[in-house]
Amino acid sequence: MADQKMRVDAVVIGSGPGGYVAGIRLAQLGKKTIVVEKDKPGGICLNVGCIPSKALINAAKTYDKLRHGAKIGILADNLRVDMGTMQSWKGEVVGKLTGGVKTLLKSNGAEFRVGTARLTSPRTVEIAENGGKSVVEADAVVVATGSRPIEIPGFKFDGQRIVDSTGALDFKAVPERLVVIGGGYIGIEIGTLYAKLGAKVTVLEALPAILPGNDPEIVALVARKLKALGVDVLTGAKAKGWVEKGGRAAVTADVGGKDVTVEADKVLVAVGRRPNSEGLGLEELGVRIERGFVPVDRQLRTNVPGIYAIGDVAGQPMLAHKASHEAEVVAEVIAGHPAEMDVRCIPAVIFSDPEVATAGLTVEEAKQRGRDVKVGKFPFAALGRAIANADTDGFVKVVIDAGTQEVLGIQVVGNGASDIIAEAALAIEMGAVAGDISLTIHAHPTLPEAIMEAAKAAMGEAIHILNR
Ligand code: NAD
């Protein structure tokens, strides 16, 4: 194909929850925009991350609930997992959403192109596509290239024995034995999912506890539930290497100075992700890169005028909703509007069992910032809806400023946490005080009542537990 040259207002590189949202919003703001994607629309999140993992997690949860349905009067004989059907259903879920991305881009007026983009000047993007190459001149380039799994020595990804999250979400059968290296977001979500489907799961976590950075009381509850599910969690465990032995992988880890060997049919390595900032021509153009990330200011500008970065490649936290929010901000900035990243909190959810969801500061973090705090805690065990759901492991903690009663942070552990947390983020974003939550009538019987009760508890006014 001959070289083609065209002029647009903006080129967005990458079509994950950062890139495709930037493309839609730029087009809505009247900017002629091309979104370039070298793989499939929707990025990691839609194709091999958030969405397919939640589809499988939901399926595993349904299976597990039915297996334990006898105590609520549901008896099922011969219950079993058909992984083939589960995987094709997951594929349908993904297909629906990725197809939607293309349609949304198109109907808003943005062009979607499959190709590999590279900057040759701050305002020139070369796109290798269909065996040919086109050159696009753009007033603004948004780098939204995401991240990829980190590989560790001794565990080269081979797609067979040693897999990353993409491989683990595509197993054709439930592995009898699964070793998970890394007890973070991915390790715990996928480990729990396969344990529910019947795998014997061992998690090797290098630090003294899983889910580092979370409230210790919350981590303790998740760890207790993992144990009840039959998952072995080895902490202080550094995976060293593996050998093929008797048709399985024998994985060796240093656990507190002693070598421990665990057998596995599959090994999932989930020790974090690395930003995709290489091969884009950024360094050659003088774009600053720090430990792989592209640093940006509050308007998502890099140090080189005309080049912006959003999402995982622009820094932590590597969360889809942070990328999408940055995408909307960067589109406004490029359109010349006075926008910037100005958020009080970025909520985070771990789809473990029970789920964990947080917004704002923990007690520890608030104290470190010199705040005098009060904490209100409300257990799911005292909540009508949770009891009716037969799912009472969990609690809500509301952290408020002792003087002003401003809501500083809310942590939730318990199934349903992923939905409840939206109210917490709204409260913090709006600068709510505990009274704003406690005086809001919450529909009964619902799980969000736990947030209302915890806010009341922080004020010493809880109704359904004793105030201490
Ligand atoms: P993570 O940073 O959440 O967890 C990695 C874990 O691996 C840590 O606990 C770390 O101590 C441990 N570790 C590191 N090296 C190790 C080693 N050699 N041996 C044993 N343990 C080791 O990373 P992740 O789980 O890979 O997830 C990557 C990113 O993806 C996360 O940062 C998160 O932002 C994102 N993610 C989010 C969600 C969600 O929002 N629900 C789900 C999955 C992933």
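The structure presented is a predicted model; accordingly, all values stated were derived computationally and were not measured.

What counts as what
- Sequence order as written defines the numbering, with residues in each chain counted from 1.
- Totals for whole chains, interfaces and linings use every residue, but because this is a predicted model, local features are given only for residues with pLDDT of at least 70 and side-chain atom pairs only at 80 or more, for both listing and counting.
- Just so you know, side-chain values use all the structure's heavy atoms and leave hydrogens and water out.
- For two strands to be treated as a pair, DSSP must find no fewer than two bridges joining them.
- Comment: elements are numbered from the N terminus, with helices defined as DSSP H or I runs of at least four residues and strands as E runs of at least two.
- All axes here are fitted lines through C-alpha atoms, helices being fitted over the stretch that makes contact, and every angle between N-to-C directions spans 0 to 180 degrees.
- What we call a nonpolar core is a set of buried Ala, Val, Leu, Ile, Met, Phe, Trp, Tyr and Cys residues that are connected through their side-chain atoms within 4.5 Å.
- Partly exposed describes any residue whose relative accessible area lies between the buried limit of under 20% and the exposed limit of over 50%, with all areas from a 1.4 Å probe on protein chains only and scaled to the type maximum.
- The contact definition used throughout considers only heavy atoms, calling two residues in contact when any of these lie within 4.5 Å.
- Oblique is the label for any angle not under 35 degrees, not over 145, and not in the 65 to 115 range, which are roughly parallel, roughly antiparallel and roughly perpendicular in turn.
- Crossing chirality is assigned from the near helix's rotation relative to the far helix, an anticlockwise turn below a right angle marking it left-handed and a clockwise turn marking it right-handed.
- Under the grouping applied here, Gly and all other residues not named as nonpolar or charged are polar, the nonpolar ones being Ala, Val, Leu, Ile, Met, Phe, Trp, Tyr, Cys and Pro and the charged ones Asp, Glu, Lys and Arg.
- Neighbouring residues are identified by heavy atoms, a residue being near a molecule or strand if any of them is within 4 Å of it.
- Pairs of N or O atoms are called polar contacts if they sit within 3.5 Å, as long as, within protein, a hydrogen donor faces a hydrogen acceptor (for residues adjacent in sequence, only side-chain-to-side-chain pairs).
- Areas reported as accessible are Shrake-Rupley estimates using a 1.4 Å probe. Residue values count occlusion only from the protein chains shown.
- Each patch is assembled from residues with relative accessible area greater than 30% and no salt bridge, linking like charges that lie within 9 Å and nonpolar side chains (Val, Leu, Ile, Met, Phe, Trp, Tyr) that lie within 5 Å.
- Here, a salt bridge means any Lys or Arg side-chain nitrogen found within 4 Å of an Asp or Glu carboxyl oxygen.
- Where each domain starts and ends follows an automatic or database-derived domain assignment.
- The term buried area means the drop in 1.4 Å probe accessible area that two parts suffer when joined, counted for both and summed.

1. Quick notes on the sheet that holds strand 14 (residues 258-264)
Whenever strands of a sheet pair, they do so through backbone hydrogen bonds, lying parallel or antiparallel.
Right, on to step 1. With antiparallel pairing, three strands are arranged side by side in an open sheet as 12-13-14. Strands with a single pairing partner mark the edges of an open sheet, and in this sheet they are strand 12 (237-245) and strand 14. On average, adjacent strands in this sheet sit at an angle of 25° to one another, irrespective of strand direction.
Right, on to step 2. Taken together, the eight bridges between strand 12 and strand 13 (residues 248-255) define a ladder with antiparallel strand orientation. Looking at the pairing, Lys238 lines up with Asp254 of strand 13.

2. Looking at the nonpolar core
Right, on to step 1. Leu193, Tyr194, Leu197, Val201, Val222 and Leu268 are the most contacted members of the largest nonpolar core, which totals 36 residues.
Right, on to step 2. Among the secondary structure elements, those contributing two or more residues to this core are helix 3 (50-67), helix 4 (83-108), strand 9 (177-181), helix 6 (185-196), strand 10 (200-205) and helix 7 (216-228).
Right, on to step 3. With near-sequence residues (within four places) excluded, Leu268 lies in contact with Val163, Asp164, Ser165, Ala168, Leu178, Val179, Val180, Ile181 and Ile190.
Right, on to step 4. Counting residues in each nonpolar core, the second largest holds 30 residues, with Val412, Ala417, Ile421 and Ala450 among its members.

3. Comments concerning the sheet that holds strand 19 (residues 356-360)
Right, on to step 1. Taken in spatial order, the five strands make up an open sheet running 18-19-22-21-20, and their pairing is antiparallel. Each edge of the open sheet is held by one strand with a lone partner, namely strand 18 (348-350) and strand 20 (373-379). The sheet shows a mean angle of 10° between the axes of neighbouring strands, taken without regard to direction.
Right, on to step 2. Relative to strand 22 (residues 407-413), strand 21 (residues 395-401) is paired through six bridges, and the arrangement is antiparallel. The residue bridging Lys397 from the neighbouring strand is Gln411, located in strand 22.
Right, on to step 3. Running over the sheet, helix 11 (residues 417-429) touches strand 18, strand 19 and strand 22 and is turned about 5° from strand 19.

4. Focus: the environment of Val163
Right, on to step 1. As for its placement among the helices and strands, Val163 is situated in strand 8 (residues 162-163).
Right, on to step 2. Overall, the relative accessible area of 2% leaves Val163 in the buried class.
Right, on to step 3. Look past the residues within four positions of Val163 in its chain and what remains in contact with it is Phe157, Ala168, Phe171, Val267, Leu268 and Val269.

5. With respect to helix 1 (residues 19-28)
Since the α-helix turns once every 3.6 residues, residues separated by three or four places project in the same direction.
Right, on to step 1. Within helix 1, eight of the 10 residues are buried, leaving the element largely enclosed by the surrounding structure.
Right, on to step 2. Among the residues making up helix 1, those that are buried are Gly19, Tyr20, Val21, Ala22, Gly23, Ile24, Leu26 and Ala27.
Right, on to step 3. Gly30 occupies a position one or two residues after helix 1 and carries a positive phi of about 85°.

6. Topic: the pairing of strand 21
Right, on to step 1. Along strand 21, seven of the seven residues are buried, which leaves the element largely enclosed by surrounding structure.
Right, on to step 2. Here strand 21 shows two buried faces, one formed by Phe395, Lys397, Val399 and Asp401 and the other by Val396, Val398 and Ile400.
Right, on to step 3. Inspection of the sheet shows strand 20 paired to strand 21 by seven bridges, in the antiparallel sense. Paired with Lys377 across the strands is Lys397, a residue of strand 21.
Right, on to step 4. The hairpin turn running from strand 21 into strand 22, its antiparallel successor, is five residues long, and Gln405 in that turn takes a positive phi close to 65°.

7. Quick word on the environment of Ala381
Right, on to step 1. Within the secondary structure, Ala381 is located in the loop between strand 20 and helix 10 (384-388).
Right, on to step 2. As for Ala381 and Thr392, which are separated by 11 residues in sequence, their C-alpha atoms are 4.8 Å apart.
Right, on to step 3. Those residues in contact with Ala381 that sit more than four places away from it in its chain are Ile387 and Thr392.

8. Focus: the packing of helix 1 against helix 4
Right, on to step 1. At a minimum axis distance of 8 Å, the contact between helix 1 and helix 4 shows a crossing angle of 20°. Taken as axis vectors, helix 1 and helix 4 run roughly parallel relative to one another. The interaxial crossing formed by helix 1 with helix 4 has left-handed handedness. Across the interface between the two elements, Tyr20, Gly23, Ile24, Ala27 and Gln28 of helix 1 pack against Val101, Leu104, Leu105 and Asn108 of helix 4.
Right, on to step 2. Within the contact of helix 1 with helix 4, the residues separate by chemical class into six nonpolar, three polar and no charged.

9. Overview of the site of the ligand
Right, on to step 1. Around the ligand sit 23 residues, and of these Ile186, Glu205, Gly272, Met318 and Val349 come closest.
Right, on to step 2. With respect to the ligand, the backbone of Ile186 contributes an N or O atom lying 2.8 Å from an oxygen atom.
Right, on to step 3. The fraction of the free accessible surface of the ligand (840 Å²) that becomes covered by protein chains is 80%.
Right, on to step 4. For the shell around the ligand, the elements supplying multiple residues, two or more each, are helix 6, strand 10 and strand 12.
Right, on to step 5. Residues that form the shell around the ligand fall into these classes: 15 nonpolar, four polar and four charged.

10. What about a nonpolar patch on the surface?
Right, on to step 1. A cluster of nonpolar side chains, contributed by Leu66, Ile72 and Ile74, occupies part of the molecular surface with about 250 Å² of accessible area.
Right, on to step 2. Classification of Leu66 as partly exposed rests on a relative accessible area of 35%.

11. Considering the domain arrangement of the chain
Right, on to step 1. One can read the domain layout of the chain as domain 1 (4-148 + 274-334), domain 2 (162-271) and domain 3 (348-458).
Right, on to step 2. Contact with domain 2, which involves 14 residues of that partner, is made by 17 residues of domain 3.
Right, on to step 3. Counting each side, the surface lost to burial between domain 2 and domain 3 is near 1,500 Å², with a carbon and sulfur contribution of 61%.
Right, on to step 4. Between domain 2 and domain 3 we count seven salt bridges in total.
Right, on to step 5. Here domain 2 and domain 3 share six residue pairs in polar contact (both at pLDDT 80 or more) between them.
Right, on to step 6. Looking at which element gives the most residues to the side of domain 2 that touches domain 3, the answer is helix 7, with six residues.

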